[in-house]
Amino acid sequence: MSSSTRRTFIASALALGTAAALPAATKSSASSGKLLHHVFFWLKNPDSKADRDRLIAGIRTLAAIETVRGLHVGIPASTEKRDVVESSYSVSELLTFDDLAGQAVYQTHPIHQQFVKDCSHLWSKVIVYDTVAV
């Protein structure tokens, strides 16, 4: 599987898996404009629990931004190793917004800017998947 095809597949699988994991009431409202912002972080020191914990603590501060409707912070699950499972990242965050405007507020919010300032030295790579319901 080519790298581009694999990335497209992973992004699609993440969006579908996220939608399947949401409660029924949230699923119906997701079709009315919810935006999911899923961010994957690769730590510069992936074996450092202290760095991972600092990043997780920083991510949790983002919940205080008024347009954030939901926050899930995670680390790779110990699921079956398969070619389609991407588990090389260190930490992920999944934020929910009502709409594109709410996500735009988040991007420029002082809490988000402070998070980037305080934690960007911890990661070597970040990938973002933003999705809206169809």
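A brief report on the enclosed structure follows. What you see is a predicted model; the values in this text were computed from it and never measured. (Residues numbered from 1 in each chain as written. Predicted model: local features only at pLDDT ≥ 70, side-chain atom pairs only at ≥ 80, totals over all residues. Heavy atoms only, no water.)

1. Topic: the packing of aromatic side chains
Moving on, step 1. Scanning all chains against the criterion turns up seven aromatic pairs.
Moving on, step 2. Look at Phe41 and Phe115: their rings are 6.2 Å apart centre to centre, the planes differ by 80°, and that puts the pair in the edge-to-face class. Highlighted residues: Phe41 in strand β1 (residues 35–43) and Phe115 in helix α5 (residues 110–119), separated in sequence by 74 residues. Like Phe41, the residue Phe115 is buried in the burial classification.
Moving on, step 3. With centroids separated by 6.4 Å and ring planes inclined at 80°, the aromatic side chains of Trp42 and Tyr89 adopt a geometry described as edge-to-face. One end of the pair, Trp42, is in strand β1; the other, Tyr89, is in the loop between β2 (70–74) and β3 (91–97), with 47 residues separating them in the sequence. (Phe/Tyr/Trp six-rings, centres within 6.5 Å; stacked < 30°, edge-to-face > 60°. Helix = DSSP H or I, 4+ residues; strand = E, 2+ residues; numbered from the N terminus. Buried < 20%, exposed > 50% of the residue type's maximum accessible area, 1.4 Å probe, protein only.)

2. Considering the packing of helix α4 (residues 100–108) against α5
Moving on, step 1. In contact at an axis separation of 5 Å, α4 and α5 are set at 50° when each is read in the N-to-C sense. The angle between α4 and α5 places the two elements in the oblique class. Where α4 abuts α5, its residues Tyr106, Gln107 and Thr108 lie against Pro110, His112 and Gln113. (Axes fitted to C-alpha atoms, helices over the stretch in contact; angles between N-to-C directions. Parallel < 35°, antiparallel > 145°, perpendicular 65-115°, else oblique. Contact = heavy atoms within 4.5 Å.)

3. Concerning α4
Two residues of an α-helix separated by three or four positions point the same way, owing to the 3.6 residues in each turn.
Moving on, step 1. Turning to α4, its buried residues number three or more, namely Gly102, Gln103 and Tyr106. Along α4, the residues classed as buried sweep out an arc of 100° about the axis, all on the same side. The exposed set on the far side of α4, more than 90 degrees from its buried face, consists of Leu100 and Thr108.
Moving on, step 2. At the N-terminal boundary of α4, the capping side chain belongs to Asp99, with an oxygen 3.3 Å from the backbone nitrogen of Ala101. (Arc of directions from axis to C-beta. Polar contact = N/O pair within 3.5 Å; in protein donor to acceptor, adjacent residues only side chain to side chain.)

4. Quick word on the pattern of salt bridges
Moving on, step 1. Within the structure shown, the criterion is met by five salt bridges.
Moving on, step 2. Note that Asp53 and Lys49 form a salt bridge whose closest N and O atoms lie 2.9 Å from each other. Taken together, the positions of Asp53 and Lys49, both in helix α3 (residues 49–60) and four residues apart, correspond to about one turn of that helix.
Moving on, step 3. Where Asp53 meets Arg52, a salt bridge forms, and the shortest distance between an N and an O atom there is 3.9 Å. (Salt bridge = Lys/Arg side-chain N within 4 Å of Asp/Glu carboxyl O.)

5. Things to note about the environment of Ser90
Moving on, step 1. Considering the arrangement of structural elements, one finds Ser90 in the loop between β2 and β3.
Moving on, step 2. According to the relative accessible area criterion, Ser90 is buried, its value standing at 10%.
Moving on, step 3. The sequence separation of Ser90 and Leu43 amounts to 47 residues, and the corresponding C-alpha distance is 6.0 Å.
Moving on, step 4. Beyond its immediate stretch of four places on either side in the chain, Ser90 contacts Phe41, Trp42, Leu43, Pro46, Arg52, Gly74, Ile75 and Pro76.
Moving on, step 5. Only 3.2 Å separates the side chain of Ser90 from the backbone nitrogen of Leu43, close enough to count as a polar contact.

6. Brief notes about the nonpolar core
Moving on, step 1. Counting residues in hydrophobic clusters, the biggest one holds 18 residues, and the most contacted among them are Phe41, Leu55, Ile59, Tyr106 and Phe115.
Moving on, step 2. Only β1, α3, β3 and α5 provide two or more residues apiece to this core.
Moving on, step 3. Broken down by element, the residue count for this core peaks at four residues, all from β1.
Moving on, step 4. Contacts of Leu55, omitting those with residues within four sequence positions, involve Phe41, Leu43, Val91, Phe115, Cys119, Leu122 and Trp123. (Core = buried A, V, L, I, M, F, W, Y, C linked by side-chain atoms within 4.5 Å.)

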